[in-house]
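Chain and residue survey
Residues per chain are reported as follows:
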Amino acid sequence: MKTSFNGERLKKARIYRGLTVAELAERINCQRQTLSMYEISKSQPADSKTVEEISKVLDFPIGFFYEHPQKGLSGTTYFRSLLTTSKKYRMEQSVKMDILAQIYSMIQDYIEFPQYVPLRLDRNPLPGVAAAALREQWGLGHGPIENLVSVVEQHGILVTSFSTSTNDVDAFSEFVDVGGSQTYLIAYSNNKTSAARIHFDVAHELGHICLHEWSEDIEELPKEEFKRREQQAHEFAAAFLLPEETFRQDVEAGSQTLPFYKQLKKKWRVSIAAMMRRAKDLGVMTSEEYITLIKTMQRRGIRKEEPLDDVLITAGPALLKTAVVMLLQEQVFTPQEFMEELSEHYDLTINPLEVEYLLDLPAGTLAPPKVIAFRSLQIKQKK
């Protein structure tokens, strides 16, 4: 175990649990200024009892706070709801994804993952051009996509879903560099289960991956520039999920009514609102027709929760958790050995439950279930 307390790890664990410096200081009976000094490594906890209390309150093993992992595992993060989500919550999700990237760095040393191949495009391509190019590169044709999450994983992009106490975050994406192997991580809120909602969120993040710069701090972008990039990602998602030629043929074959778009939703697995907007942008639907139908949806209370949202379900992320299960089934590791490897060789000492949570693994995959003792029960003796 390293002998120097890692203040950055303290900060990460605090943010991971959604606590402010003041809130954690109060829980461990410490001065806020003292805790801040710990986090920036200007001072170290004076005794082991302080570290034990930090470990207990934050529910991270003591060893976690003495590790000094390599830098640069993750980089820029695009938050779709940057302008409406608190910075505190964005930081919490970013820290979780950073830890997930560290777990991936170990798994990819044992599992041959699909490799992400970037698009080769001219500088500043139009969103529709980039969307068509990605479909062609991935061999998707021009029809509906049944399960976009699976398609994305098959092409080397990591996907995970995350639980959230707010509806302000739909999805976000992050650049990941593990030992020179570069890929991207897309995370979406598991508050949503509808294929239509999830597909658009994931396609939106694909837009950022294909269109935008990842070496700069997105938090520093001017508001108008961020809005412009969001709009481009939105246009990419619509063009990617609803290719112009085939979708136009479908739309022109029917009437501009909600029942017709409900039928189209079954085929294309995209929200009614997004399909209507795409039809308007393609010139098939007039602005007046579009506004009328949107107002009708609002009046009927189906703007946020559309028809078929509870019927059209898509499969969740499977790449990372399948990789872990494979390592266990092939007896490369026992659950205990997996966690020991993560700690001893990848500087990540965390509880098995956290790995299960971040990778959406079934409960008990890495952490043995707790045995409930009923002392009043006894096995009957056979007579």
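Everything here concerns the structure above.
The following refers to the structure shown. Remember, it's a predicted structure, so these values are computed and weren't measured experimentally.

About the criteria used
- Think of each chain on its own: its residues are numbered from 1, step by step along the sequence as written.
- Residue-level local features of this predicted model are given only where pLDDT is at least 70; pairs of side-chain atoms are given and counted only at 80 or more, and the full residue set underlies all totals for whole chains, interfaces and linings.
- Hydrogens and water molecules were not included; the side-chain quantities draw on all heavy atoms of the structure.
- Only DSSP runs of H or I reaching four residues or more are called helices, and only runs of E reaching two or more are called strands; each is numbered from the N terminus.
- When a residue's accessible area, from a 1.4 Å probe over protein chains only, is under 20% of the maximum for its type it is buried; when over 50% it is exposed; and in between it is partly exposed.
- Between two residues, a contact is recorded if the distance between any of their heavy atoms is within 4.5 Å.
- Residue-level accessible areas treat just the shown protein chains as cover; the underlying method is Shrake-Rupley with a 1.4 Å probe.
- Under this rule, positive means Lys or Arg and negative means Asp or Glu; His and the chain ends count for nothing.
- Where a charge lies is defined by one atom per residue type: Lys uses NZ, Arg uses CZ, Asp uses CG and Glu uses CD.
- In this description, a nonpolar core means a group of buried Ala, Val, Leu, Ile, Met, Phe, Trp, Tyr and Cys residues linked to one another through side-chain atoms lying within 4.5 Å.
- Think of it as the arc spanned by the lines of direction from the helix axis to the C-beta atoms.
- Here a polar contact means two N or O atoms within 3.5 Å. Within protein one must be a hydrogen donor candidate and the other an acceptor candidate, and residues neighboring in sequence count only if both atoms are side-chain atoms.
- An axis is simply a line fitted to the C-alpha atoms; with a helix, the fit covers only the stretch in contact. Between two such axes, the angle follows the N-to-C directions and lies from 0 to 180 degrees.
- Between 65 and 115 degrees an angle is taken as roughly perpendicular, under 35 as roughly parallel, over 145 as roughly antiparallel, and anywhere else as oblique.
- The sense of a crossing depends on the near helix, which, turned anticlockwise from the far helix by less than a right angle, makes the crossing left-handed and, turned clockwise, makes it right-handed.
- Classes in brief: Ala, Val, Leu, Ile, Met, Phe, Trp, Tyr, Cys and Pro nonpolar; Asp, Glu, Lys and Arg charged; the others, Gly included, polar.
- The rule is simple: put a 1 Å grid over the protein atoms alone, call a set of points where a 1.4 Å probe fits but cannot get out a cavity, call an open set with protein on both sides within 12 Å along at least five of seven lines a pocket, and count a residue as lining if it has an atom within 4 Å of a point.
- Grid points are joined across faces, edges and corners, and a volume is the space filled by probe spheres set on the points.
- Here, a strand pair is defined by DSSP locating no fewer than two bridges between the strands.
- A side-chain nitrogen of Lys or Arg and a carboxyl oxygen of Asp or Glu constitute a salt bridge if their distance falls within 4 Å.

1. As for the overall build of the protein
From N to C terminus, the protein includes 16 helices and four strands. Out of the 383 residues in the protein, the part that is buried amounts to 51%. Here the analysis covers contacts within the protein between residues at least 6 apart in sequence; of these, 73% occur between residues at least 24 apart. As presented, the protein carries roughly 20,000 Å² of accessible surface, and 49% of it is formed by carbon and sulfur atoms. One finds the centroid of the 46 positive side-chain charges in the protein at a distance of 7 Å from the centroid of its 52 negative side-chain charges.

2. Here's the deal with the nonpolar core
Grouped together as the largest cluster of nonpolar side chains are 59 residues, with contacts concentrated most on Leu-148, Leu-206, Phe-240, Tyr-261 and Met-276. By residue number, the principal contributor to this core is helix H8 (residues 195-211), which donates eight residues. Those residues in contact with Met-276 that sit more than four places away from it in its chain are Leu-258, Tyr-261, Met-285, Tyr-290, Leu-293, Ile-294 and Met-297. Ranked by size, the runner-up nonpolar core spans 58 residues in total, among them Phe-113, Leu-328, Leu-359 and Leu-366.

3. Observations concerning helix H4 (residues 48-58)
Residues that lie three or four places apart on an α-helix share one face, since the helix turns once every 3.6 residues. Along H4, the positions that sit buried rather than exposed are Val-51, Ile-54, Ser-55 and Leu-58. Down the axis of H4, the buried set is contained in an arc of 95°. They therefore lie on one face. Of the residues in H4, the exposed ones pointing more than 90 degrees away from the buried face are Lys-49 and Lys-56. For H4, the secondary structure elements touched by its buried residues are helix H1 (7-16) and helix H2 (21-27). For H4, the side-chain oxygen to backbone nitrogen distance between the N-cap and Lys-49 is 3.1 Å, and the N-cap itself is Asp-47. Where H4 terminates, the next one or two residues include Asp-59, which has phi positive at roughly 60°.

4. Things to note about the packing of H1 against helix H5 (residues 87-107)
Packing of H1 against H5 leaves a shortest axis separation of 8 Å and a crossing angle of 120°. As summarised for this structure, H1 and H5 are arranged oblique, according to the angle between their axes. Read as a crossing pair, H1 and H5 show a hand that is left-handed. Contacts between H1 and H5 pair Arg-9, Lys-12, Ile-15 and Tyr-16 from the former with Met-91, Glu-92, Val-95, Lys-96, Asp-98, Ile-99 and Gln-102 from the latter. For the contact of H1 with H5, a count of residues per class yields five nonpolar, one polar and five charged.

5. A short note on empty space enclosed by the protein
Following the criterion strictly, the structure yields two cavities of 30 Å³ or more and no others. When its volume is computed, the largest cavity comes out at roughly 60 Å³. Elements that contribute at least two residues to the lining of the largest cavity include exactly strand S2 (158-162), helix H14 (319-329) and helix H16 (352-359). Of the residues in the lining of the largest cavity, the class split is seven nonpolar, two polar and two charged. Looking at the second largest cavity, its volume works out to about 30 Å³.

6. What to know about the pairing of S2
The element S2 is largely enclosed, with a buried count of five among its five residues. Residue alternation in S2 divides its side chains into two sets, Leu-158, Thr-160 and Phe-162 and Val-159 and Ser-161, and both sets are buried. Sheet analysis places S2 next to strand S4 (residues 181-189), joined by five bridges and oriented parallel. Counted as the bridge partner of Ser-161 is Tyr-188 from S4.

7. Quick word on helix H3 (residues 32-39)
Within H3, the full set of buried residues consists of Leu-35, Tyr-38 and Glu-39. Here the buried residues of H3 occupy an arc of 100° about the axis, which is enough to place them on one side. Among the residues trailing H3, Ser-41 stands out with phi positive, at a value near 60°.

8. So, the pattern of salt bridges
The tally for this structure, following the rule as stated, stands at 17 salt bridges. Across the salt bridge formed by Arg-14 and Glu-39, the nearest N and O atoms sit 2.5 Å from each other. Highlighted residues: Arg-14 in helix H1 and Glu-39 in helix H3, separated in sequence by 25 residues. Glu-39 shares its class with Arg-14; the two are buried. The partner of Glu-225 in a salt bridge is Arg-228, and the shortest N-O contact between them spans 2.8 Å. Placement of the pair is Glu-225 and Arg-228 together in helix H9 (residues 223-241), with a separation of three residues, close to one helical turn. One connected set of salt bridges, linked through shared partners, spans Arg-197, Lys-265, Glu-306 and Asp-309.

9. What to know about the environment of Tyr-78
With respect to the helices, strands and loops of the structure, Tyr-78 is situated in strand S1 (residues 74-79). Sequence separation of Tyr-78 and Leu-358 is 280 residues, and the distance between their C-alpha atoms is 19 Å. Among residues more than four places away in sequence, those in contact with Tyr-78 are Ala-171, Phe-172, Ser-173, Glu-205, His-208, His-212, Glu-213, Trp-214, Ile-218 and Arg-229. Among the polar contacts made by the side chain of Tyr-78, one reaches the side chain of Arg-229 at a distance of 2.8 Å.

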